[in-house]
Amino acid sequence: MSIKQLKLRKLIMNLKHPFTTSFGTIQEKEFFITEAIDVDGNHGFGESVAFSSPWYTEETVATNQHVMEDFLIPILQTNKMNHPDEVSKLFKPIKGNNMAKAALEGAVWDLYAKQKGISLAEALGGDKKQIDVGISIGIQSSVEALIEVISQSVEAGYKRIKLKIKPGWDLEVLQEVRSHFPDTLIMADANSAYTREDIDHLKKLDELHLMMIEQPLAHDDIVDHAKLQAVIHTPICLDESIHSLEDTRKAFELGSCKIINIKIGRVGGLTEAKKIHDFCLEHDIPVWCGGMLESGIGRAHNIALTTLPQFILPGDTAGSANYWEKDIIQPEVIAENGVIHVPDSPGIGYEINKDALDEFTEWVKVFKF
Ligand SMILES: O=C(O)CCC(=O)C1=CC=C[C@@H](O)[C@@H]1C(=O)O
Ligand SMILES: [Mg+2]
């Protein structure tokens, strides 16, 4: 699959609403769109998902740029490939930096699917024609405001509601929410805001019948999560702690969680995401696809991944309009009654809205192969 040229494009897009988690608030999203172009004029697109600050994991927009430009793109320039699965093998000597790796690997996967004339979902081996999705709701200014946002999301038909929690915005808020929405599928994401000192407090969440609690303890922990899972009924879902198939196997063997959130960027790309999926399928561990406030391009990759069979729980891939006044793809991603129809045209299946792409672009660099 010969690549002739790679474009690295830096974008800034403003979120419709600020998104607040236990670690801070995001209003403006800076990220990269990668574009791999072949001799026949096919264009494959990928997206970097790191934030400007290292508060979700250690990667940032600046580290993504450094690692892509100085290490990963030169590897692609000097090696031939027959299949996108080879990208993660070529990148292996570079430690960590999974979001940088995934941003480039994603463009190669999209290019590959377009060269074959098949959808990215098909290239990955997925066969769902539609996927169920939920929504992730950030910390709000008051419980009343939160109840209002949940009401709108339930009304819109999202299949489950994910709420961000942190110490001081947890049990009482969730009790209030539960009393308003007794039958809604609700889960909570702590983004590693608690420690093992909080285990007795976290046990109290069991009374709320949450679908799961996501990453309650440290971002790099699987040992204390196992201790917590042994004493709470609510299933633990790991997000930040899982970077690879190996991490997944270890967490499974330790009993650190019952559910895995697969994010393409966090695990270094679609090839590793698929391996994690396959392990979870074999071991009966439910998975769902997490989100990183992506533009339409990253969102389209998430949709394609979610067509794999073990994605049995609704993910965080809400519609474009939940995040952006205008997205950089057309049509935009539409979630109707919590369902997204999977496009079947080649590659990611959405066209690029070139005017929007240019409008949000800060700069473009071209790398010749
Ligand atoms: O809607 C989305 O894209 C998901 C948003 C979301 O929940 C998250 C995005 C980014 C970092 C985290 O706060 C978080 C998560 O942990 O899943
Ligand atoms: Mg999370």
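The model shown is predicted, which means the values in this text are computed figures rather than measured ones.

Student: Looking at this structure, how should I read the site of ligand 1?
Tutor: Contacts to ligand 1 come from 18 residues, most closely from S136, N191, K263, L293 and Y323. Contact distances for ligand 1 include 3.0 Å between an oxygen atom and a side-chain N or O atom of K162. For ligand 1, whose free accessible area comes to 400 Å², the fraction covered by protein is 100%. Broken down by secondary-structure element, the contributors of at least two residues to the shell around ligand 1 are β1 (3–21) and β6 (161–164). Residues that form the shell around ligand 1 fall into these classes: 7 nonpolar, 4 polar and 7 charged. Taken domain by domain, the shell around ligand 1 gets at least three of its residues from each of domain 1 (3–117 + 351–368) and domain 2 (123–341).

Student: Before we go on, may I ask you to explain the sheet that holds strand β2 (residues 24–38) in this structure?
Tutor: By definition, the strands of a sheet pair up through backbone hydrogen bonds, in either a parallel or an antiparallel sense. Here 4 strands make up an open sheet; going across it, the order is β3-β2-β1-β15 and the pairing antiparallel. Of all strands in the sheet, those bounded by a partner on one side alone are β3 (43–47) and β15 (361–368). Strand-to-strand twist across the sheet, computed as the mean angle between neighbouring axes with direction ignored, equals 20 degrees. Pairing geometry for β2 and β3, over 5 bridges, is antiparallel.

Student: Can you help me understand the domain arrangement of the protein chain in this one?
Tutor: Each assigned domain of the protein chain is listed here: domain 1 (3–117 + 351–368) and domain 2 (123–341). Computed over C-alpha atoms only, the centres of domain 1 and domain 2 are separated by 23 Å. Each partner contributes to the interface: domain 1 provides 42 residues, whereas domain 2 provides 41 residues. Approximately 3,500 Å² of surface area, both sides summed, lies buried where domain 1 meets domain 2, with 64% of it carried by carbon and sulfur atoms. Taken together, the connections running from domain 1 to domain 2 amount to 1 salt bridge. Salt-bridge contacts for K326 lead to E359; the nearest nitrogen and oxygen are separated by 2.5 Å. Inspection of the domain 1/domain 2 interface yields 21 residue pairs in polar contact (both at pLDDT 80 or more). Breaking the side of domain 1 that touches domain 2 down by element, the ones donating at least two residues are β1, β2, β3, α2 (85–91), α3 (98–116), β14 (351–352) and α12 (354–360). Top contributing element to the side of domain 1 that touches domain 2 by residue count: α3, with 10 residues. Residue composition of the side of domain 1 that touches domain 2, by class: 22 nonpolar, 11 polar and 9 charged.

Student: What is the right way to look at helix α5 (residues 143–155) in this model?
Tutor: Residues three or four positions apart in an α-helix share a direction because the helix packs 3.6 residues into each turn. Helix length check: α5, at 13 residues, gives a terminal C-alpha distance of 18 Å against a target of 18 Å (1.5 Å per residue), a fit within 8%. When α5 is considered as a whole, its buried residues turn out to be L146, I147, I150 and S153. Down the axis, α5 shows its buried residues gathered within 125 degrees of arc, on one side only. In α5, the exposed residues that point more than 90 degrees away from the buried face are E144 and E155. Packed against the buried residues of α5 are β5 (135–137), β6 and α6 (171–180). One or two steps after α5, the chain reaches G157, where phi turns positive at roughly 95 degrees.

Student: Where do I start with the coordination of the magnesium ion (ligand 2) in this structure?
Tutor: Any two of four tetrahedral donors ideally make an angle of 109.5 degrees at the metal, while pairs among six octahedral donors ideally make 90 or 180 degrees. In this structure, D189 (OD), E214 (OE) and D239 (OD) serve as the protein donors to the magnesium ion (ligand 2), at separations of 2.1 to 2.3 Å. Look at where the donors of the magnesium ion (ligand 2) fall in the sequence and you get D-x24-E-x24-D. Residue D189 is located in strand β7 (residues 186–189), and its partner D239 is located in the loop between β9 (236–238) and α9 (245–254); the two are separated by 50 residues in the primary sequence. Summarising the burial analysis for this pair, D189 and D239 share the class buried.

Student: Can you help me understand the sheet that holds β9 in this one?
Tutor: Read from one edge of the open sheet, 7 strands run β5-β6-β7-β8-β9-β10-β11, paired in parallel fashion. Sheet topology places β5 and β11 (287–289) at the edges, where each strand pairs with a single neighbour. Direction of pairing for strand β8 (residues 213–214) relative to β9: parallel, over a ladder of 2 bridges. Within β9, the position partnered with E214 by the bridge is C237. Relative to the sheet, helix α10 (residues 270–282) contacts β10 (259–262) and β11, its axis offset from that of β10 by approximately 165 degrees.

Student: Even after reading the chapter, I still don't get the environment of A102, so can you show me in this structure?
Tutor: As for its position among the elements, A102 is in helix α3. Using a relative accessible area of 7% as the deciding quantity, one classes A102 as buried. Not counting residues up to four positions away in its chain, the partners in contact with A102 are I264, G265, G268 and G269.

Student: It is not clear to me how the side chain of K162 should be interpreted in this structure. Could you clarify?
Tutor: Here K162 is to be found in strand β6. Of the residues examined, K162 reaches a relative accessible area of 2% and is grouped as buried. Engagement of the side chain of K162 in a polar contact is seen with the side chain of E214, the distance being 2.9 Å. Once you skip the residues sitting within four places of it in the chain, K162 turns out to touch I135, S136, I137, M187, D189, E214, W288 and D316.

Quick notes on the rules
Residues numbered from 1 in each chain as written. Chains lettered and ligands numbered in written order. Predicted model: local features only at pLDDT ≥ 70, side-chain atom pairs only at ≥ 80, totals over all residues. Heavy atoms only, no water. Near = heavy atom within 4 Å. Polar contact = N/O pair within 3.5 Å; in protein donor to acceptor, adjacent residues only side chain to side chain. Areas by Shrake-Rupley, 256 points an atom, 1.4 Å probe, with all protein chains shown as cover. Helix = DSSP H or I, 4+ residues; strand = E, 2+ residues; numbered from the N terminus. Nonpolar A, V, L, I, M, F, W, Y, C, P; charged D, E, K, R; others polar. Domains from an automatic or database assignment. Pairing = 2+ DSSP bridges. Axes fitted to C-alpha atoms, helices over the stretch in contact; angles between N-to-C directions. Contact = heavy atoms within 4.5 Å. Buried area = accessible area lost by both parts, 1.4 Å probe. Salt bridge = Lys/Arg side-chain N within 4 Å of Asp/Glu carboxyl O. Expected span 1.5 Å × (residues − 1). Buried < 20%, exposed > 50% of the residue type's maximum accessible area, 1.4 Å probe, protein only. Arc of directions from axis to C-beta. Donors = N, O, S within 2.8 Å, 3.2 Å for Na, K, Ca; no water.

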